[in-house]
Amino acid sequence: YAAGWFGMGGSPGASRCSGTGSSAGRHWWAGWGTVRAGVPSERVEATVHEELARMGRQLVSDDELSRAKALIEAEELAALQRVDERADRPAMFATLFGDPDLINRILPRYLAVTAERVRNAADAVFRQDNRVVLTYLPAENATGHPSAAV
């Protein structure tokens, strides 16, 4: 599904990345990509929307869920190896959730997520009426080719 588009498999014609975050109890997800020359940006955008909609209809596979959990666990444990993260996380959890001790419980919560919860969250969040799409296109020079960045 989205993992396939965002770096784990096939490509609709773009290099890609994604990220998540939260602020004051609100959560966001962002995906971005650099579209290959000759590939319409609309094709890439449509592929992203199709994959996100599919995540809201179908369960992610056990393999996809296991890979995602392994990545999250590795990222969380690596982050806690850094002094700045160990200092920042309790303050972040206190500010965002009123619970600085969440630092000790967040990883098990992430690892307890099921395919059903992923599907339900995707269905609730990745709705057409709940998104913003920004498309940045390079300016064209007099020859009709994209201008080089300066």
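### Observations concerning the overall build of the chain
Logical step 1: Looking only at helices and strands, the chain has six helices and two strands in total.
Logical step 2: The linear arrangement of helices and strands in the chain, starting from the amino end, is α-β-β-α-α-α-α-α.
Logical step 3: Here the analysis covers contacts within the chain between residues at least 6 apart in sequence; of these, 50% occur between residues at least 24 apart.

### With respect to the nonpolar core
Logical step 1: Ranked by size, the top nonpolar core spans seven residues in total: Val 48, Leu 52, Met 55, Val 60, Leu 65, Ala 115 and Ala 122.
Logical step 2: Counting only elements with at least two residues in this core, the list comes to helix H2 (41-57) and helix H6 (115-125).
Logical step 3: The residues touching Ala 122, leaving out its near neighbours within four places in the chain, are Leu 52, Met 55 and Gly 56.

### A word on a nonpolar patch on the surface
Logical step 1: Taken together, the side chains of Val 132, Leu 134 and Tyr 136 define a hydrophobic patch exposed on the protein surface, amounting to about 430 Å² of accessible area.
Logical step 2: Along the polypeptide, Val 132 turns up in the segment after H6.

### A word on H2
Logical step 1: Spanning 17 residues, H2 covers 25 Å between terminal C-alpha atoms, matching the ideal 24 Å at 1.5 Å per step.
Logical step 2: Listed in full, the buried residues belonging to H2 are Val 44, Thr 47, Val 48, His 49, Glu 51, Leu 52, Met 55 and Gly 56.

### Focus: the packing of H2 against H6
Logical step 1: At a minimum axis separation of 6 Å, H2 and H6 run at an interaxial angle of 125 degrees. In terms of orientation, H2 and H6 fall into the oblique class. Note on packing geometry: the crossing formed by H2 with H6 is left-handed. Along its contact with H2, which presents Leu 52, Met 55, Gly 56 and Arg 57, the element H6 presents Val 118, Arg 119, Ala 122 and Asp 123.
Logical step 2: Taken together, the residues that form the contact of H2 with H6 break down as four nonpolar, one polar and three charged.

Scoring rules and cut-offs
- Residues numbered from 1 in each chain as written.
- Predicted model: local features only at pLDDT ≥ 70, side-chain atom pairs only at ≥ 80, totals over all residues.
- Heavy atoms only, no water.
- Helix = DSSP H or I, 4+ residues; strand = E, 2+ residues; numbered from the N terminus.
- Contact = heavy atoms within 4.5 Å.
- Core = buried A, V, L, I, M, F, W, Y, C linked by side-chain atoms within 4.5 Å.
- Buried < 20%, exposed > 50% of the residue type's maximum accessible area, 1.4 Å probe, protein only.
- Patch = residues over 30% accessible without salt bridge, like charges linked within 9 Å, V, L, I, M, F, W, Y side chains within 5 Å.
- Areas by Shrake-Rupley, 256 points an atom, 1.4 Å probe, with all protein chains shown as cover.
- Salt bridge = Lys/Arg side-chain N within 4 Å of Asp/Glu carboxyl O.
- Expected span 1.5 Å × (residues − 1).
- Axes fitted to C-alpha atoms, helices over the stretch in contact; angles between N-to-C directions.
- Parallel < 35°, antiparallel > 145°, perpendicular 65-115°, else oblique.
- Left-handed = near helix turned anticlockwise from the far one by under 90°.
- Nonpolar A, V, L, I, M, F, W, Y, C, P; charged D, E, K, R; others polar.

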